[in-house]
Amino acid sequence: MKRLRRNPDESDPETNPDPDGEGSFSKDQHERKCGLSSMKMMGFFVVALMVVSVVFSVSVVLQDPPSDGVLESGKNVRFLDVMESSKEEQVLEVQPQKGPVDDDALSIEVRKDKLLGGLLAAGFDETSCVSRYQSVLYRKESQHKPSPYLISRLRSYEALHKRCGPYTESYNKTLEKLKTGHHLESTDCNYLVWISFSGLGNRILTLASAFLYALLTNRVLLVDPGTDMVDLFCEPFPEVSWFLPLDFPLKNQFSSFDQKSPHCYGRMLKNNSFANSSKSILAPFVYLHLVHNYDDQDKLFFCDEDQTSLQEVPWLIMKTDNYFVPSLFLIPTFEQQLSNLFPRKEAVFHLLGRYIFHPTNPVWGLITRYYQAYLAKADERIGIQIRVFDTGTGPFQHVLDQIIACTLKENLLPDISTEKPIINQSQKSKAVLVTSLSGGYFERLRDMYWEHPTVTGEVIGFYQPSHEEYQQTEKQFHNRKAWAEMYLLSLTDVLITSSWSTFGYVAQSLGGLKPWILYKPENQTAPDPPCGRVMSMEPCFHAPPFYDCKAKRGIDTGAVVPHVRHCEDMSWGLKLVDNESEL
């Protein structure tokens, strides 16, 4: 029962229409009350309809978010960098999660772009090589798209590899030529065998060179697995392996192949044994010695006439430690095809590298765990790759001085304040990834920015995954870490590399970055200027030929065509650049 409030006026119907508190009042009062209640109910009904309408409208709007915008918060997907959006299309790049990547949470645009604009083939078992399709989560959108012709040629090559790869009927038939030593009837498959040779950076660059040559000459590329290639790289082609079978007849001879080998192309030219051979007695294989110490006869490989002769050889065995792609652009036979494949010349390794080189799951684990732990949350990521060719025990003061001078001169890192504290702290953070065989440079740089504030108030963190002290080419886990560090450097926003270093070349080209390159010191003195921006992200061909095949005389091959020039870090080397007038 409600407790009723009593007052002198509570019996007055004007002041208290319900004196008993229970609704017992006169007939007129009852009618007025009913009319008032009906009006109130109608008002409540109208208001309720308005509320329901608003809620429904809001739910419809939020039910279907813009395709380029928002993922459900329940999916726990974080965004790393918003890729530059154009008027035609907007795409968001998703930051890798700290836990396993939930593929169902990815936006439609990211799903489409995991094939890198058609560069990669669909249909692989994604769990066998997680990096193939997951790398898009860690990279900014590439400004260099594969040409339609390159995409078409890659799909054609994949079909050729499937038809002619190891243990196929065509492979077994062509293999008989090696076993018998005779040139039998022609087959529909010719091969290029790449010998695993030199350090990891060199192997990556030379394997890309070999693949491009195979693409240009319609050969099937087979890769000598060496001691660790299977451990480092996923299979790039669908269904059939690119690795040379262990029972390949010549495999035991690979380590002994050199310029003195009877089947060495340069030696055969010297002895006139190749030029005088008829098609019926042509050798079943030819060894191509393209190592840095090759001679003038070996270098004739880069001549049109010699390429025509080599077309008839079913098996070419190649050993090289050079990124020889720039000289392929000087061979007239390949000129038009290369122009169609790569309208932008400086994107050759960038595109081929992203197509071929996918870290295996163990290496991908090293990459992603380190990235998420130390680099993902920074506003900017800076890579510093240090390779020192001086003898002696580092760190060297002149190298450290050069690195600091470069970062300050180019405004890549802020200066430090040694006199007064910085009160206004910036909210911006920079993560600096240092790679070096020595841990000394990292420690000196870390301590410098730990002990003193930056003049901008920015927070700078330094990280170095490993410091092996010396190169251990044949050590499996050493190469795992080396491959992981190259890849991590390629994920940075800004990159500084060292002259002559293939390690740095791989990182810059995979990442689509034009780094600042540290000029090689002379007499243990930091050069002035300490560094400079490169012309293009392409690697440098360290030992190119200087020969005019038509005129049969020496020539400066860095001045023949606008898109092949001398390198910034090696005056005699060659590299590809874009000639803007041709674009």
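In case you missed it, the structure is sitting above this.
Presented here is an overview of the structure given in this document. Since the structure is predicted, the reported quantities are computational estimates derived from the model, not experimental observations.

Next up on the list: the overall build of the protein chain. The number of helices and strands found in the protein chain is 17 helices and 16 strands. When burial is assessed residue by residue, the protein chain has 51% of its 583 residues classed as buried. Residue pairs at least 24 apart in sequence account for 71% of intrachain contacts in the protein chain once pairs closer than 6 positions are excluded. For the protein chain, the accessible area works out to roughly 28,700 Å², and carbon and sulfur atoms hold 53% of it.

Enumeration according to the criterion identifies 35 aromatic pairs in this entry. When the centroid spacing of 5.1 Å and the interplanar angle of 55 degrees are considered together, the rings of Tyr213 and Phe301 count as tilted. In this pair, Tyr213 is assigned in helix 6 (residues 200-217) and Phe301 in the loop between strand 5 (285-290) and helix 9 (304-310), connecting sequence segments 88 residues apart. Across the pair, Phe301 and Tyr213 agree in class, each one buried. Through pairs of rings, three or more aromatic residues link up here, namely Tyr138, Phe233, Tyr323, Phe349, Phe357, Trp364, Tyr371, Trp483 and Tyr487. If you follow Arg139 out to its NZ or CZ, it ends over the ring of Tyr487, 4.5 Å from the centre. Lying across the ring of Phe197, Lys319 places its NZ or CZ 5.4 Å from the centre.

Another point: the sheet that holds strand 10 (residues 494-498). One open sheet holds the 6 strands; their spatial order is 9-8-7-10-11-12, and the pairing between them is mixed. The sheet is open, and its two edges are formed by strand 9 (459-463) and strand 12 (531-533), each paired on a single side. Ignoring strand direction, the axes of neighbouring strands in this sheet form an average angle of 20 degrees. The pairing of strand 11 (residues 516-518) with strand 12 spans 3 bridges and is antiparallel. Looking across to strand 12, one finds that Trp516 is bridged to Arg533. Where helix 13 (residues 361-375) meets the sheet, it contacts strand 7 (380-385), strand 8 (429-435) and strand 9, and its direction lies at approximately 140 degrees from that of strand 8. Along the sheet, helix 14 (residues 397-409) contacts strand 7, strand 10, strand 11 and strand 12; its crossing angle with strand 11, the most-contacted strand, is approximately 160 degrees.

Take the packing of helix 6 against helix 11 (residues 332-341) next. At a minimum axis separation of 11 Å, helix 6 and helix 11 run at an interaxial angle of 115 degrees. Taken together, the axis directions place helix 6 and helix 11 in an arrangement best described as roughly perpendicular. When the axes of helix 6 and helix 11 are compared, the crossing they make is right-handed. Here helix 6 contributes Leu212, Tyr213, Leu215, Leu216 and Thr217 to the contact with helix 11, which in turn contributes Phe334, Gln337, Leu338 and Leu341. For the contact of helix 6 with helix 11, the per-class residue count stands at 7 nonpolar, 2 polar and no charged.

On to the nonpolar core. In this structure, Leu221, Phe248 and Trp483 are the most contacted members of the largest nonpolar core, which totals 121 residues. In terms of residues, this core owes the most to one element, helix 6, which gives 12 residues. When residues of this core are assigned to domains, at least three map to each of domain 1 (117-356) and domain 2 (361-576). Once you skip the residues sitting within four places of it in the chain, Trp483 turns out to touch Leu200, Ile204, Leu232, Phe233, Phe357, Pro359, Val363, Val506 and Leu510. Counting residues in each nonpolar core, the second largest holds 26 residues, with Tyr441, Phe442, Leu445 and Tyr449 among its members.

Should their charged atoms come close, side chains of opposite charge can pair. Summed over all chains, the structure comprises 18 salt bridges. Between Arg163 and Asp188 there is a salt bridge, with its nearest N and O atoms 2.9 Å apart. Remark: Asp188 occurs in the loop between helix 5 (169-180) and strand 3 (191-194) and Arg163 occurs in helix 4 (residues 148-164); sequence separation between them is 25 residues. Among the ionic pairs, Asp224 bridges to Lys251, the shortest N-O distance being 2.8 Å.

Turning to the side chain of Thr454, a few remarks are in order. Secondary-structure assignment places Thr454 in the loop between helix 15 (440-451) and strand 9. Side-chain polar atoms of Thr454 contact the backbone nitrogen of Gly457, separated by 3.1 Å. In terms of polar contacts, Thr454 uses its side chain to reach the backbone carbonyl oxygen of Glu458, at 2.8 Å.

This paragraph deals with the environment of Asn202. Along the chain, the position of Asn202 falls in helix 6. Relative accessible area serves as the criterion here: at 17%, Asn202 is assigned to the buried category. It is 9.2 Å that separates the C-alpha atoms of Asn202 and Ser501, two residues lying 299 residues apart in sequence. What Asn202 contacts, discounting residues up to four positions off in sequence, is Asp321 and Thr502. Of note is the side chain of Asn202, whose polar atom sits 3.3 Å from the side chain of Thr502.

For the rest of this paragraph, the subject is the layout of surface pockets. Space inside the second largest pocket adds up to approximately 800 Å³. Phe302, Cys303, Leu330, Pro332 and Cys549 are the residues nearest the centre of the second largest pocket, which is lined by 38 residues in total. Looking at the lining of the second largest pocket, the elements that each hand over two or more residues are helix 8 (265-270), helix 9, helix 11 and strand 13 (547-548). By residue number, the principal contributor to the lining of the second largest pocket is helix 11, which donates 5 residues. Residues belonging to the lining of the second largest pocket are distributed by class as follows: 19 nonpolar, 8 polar and 11 charged. In terms of domain composition, the lining of the second largest pocket takes at least three residues from each of domain 1 (117-356) and domain 2 (361-576).

What counts as what
- Residues numbered from 1 in each chain as written.
- Predicted model: local features only at pLDDT ≥ 70, side-chain atom pairs only at ≥ 80, totals over all residues.
- Heavy atoms only, no water.
- Helix = DSSP H or I, 4+ residues; strand = E, 2+ residues; numbered from the N terminus.
- Buried < 20%, exposed > 50% of the residue type's maximum accessible area, 1.4 Å probe, protein only.
- Contact = heavy atoms within 4.5 Å.
- Areas by Shrake-Rupley, 256 points an atom, 1.4 Å probe, with all protein chains shown as cover.
- Phe/Tyr/Trp six-rings, centres within 6.5 Å; stacked < 30°, edge-to-face > 60°.
- Lys NZ or Arg CZ within 6 Å of the ring centre and 35° of its normal.
- Pairing = 2+ DSSP bridges.
- Axes fitted to C-alpha atoms, helices over the stretch in contact; angles between N-to-C directions.
- Parallel < 35°, antiparallel > 145°, perpendicular 65-115°, else oblique.
- Left-handed = near helix turned anticlockwise from the far one by under 90°.
- Nonpolar A, V, L, I, M, F, W, Y, C, P; charged D, E, K, R; others polar.
- Core = buried A, V, L, I, M, F, W, Y, C linked by side-chain atoms within 4.5 Å.
- Domains from an automatic or database assignment.
- Salt bridge = Lys/Arg side-chain N within 4 Å of Asp/Glu carboxyl O.
- Polar contact = N/O pair within 3.5 Å; in protein donor to acceptor, adjacent residues only side chain to side chain.
- 1 Å grid on protein atoms, 1.4 Å probe; cavity = no way out; pocket = protein on both sides within 12 Å on 5 of 7 lines; lining within 4 Å.
- Points joined across faces, edges and corners; volume = space filled by probe spheres on them.

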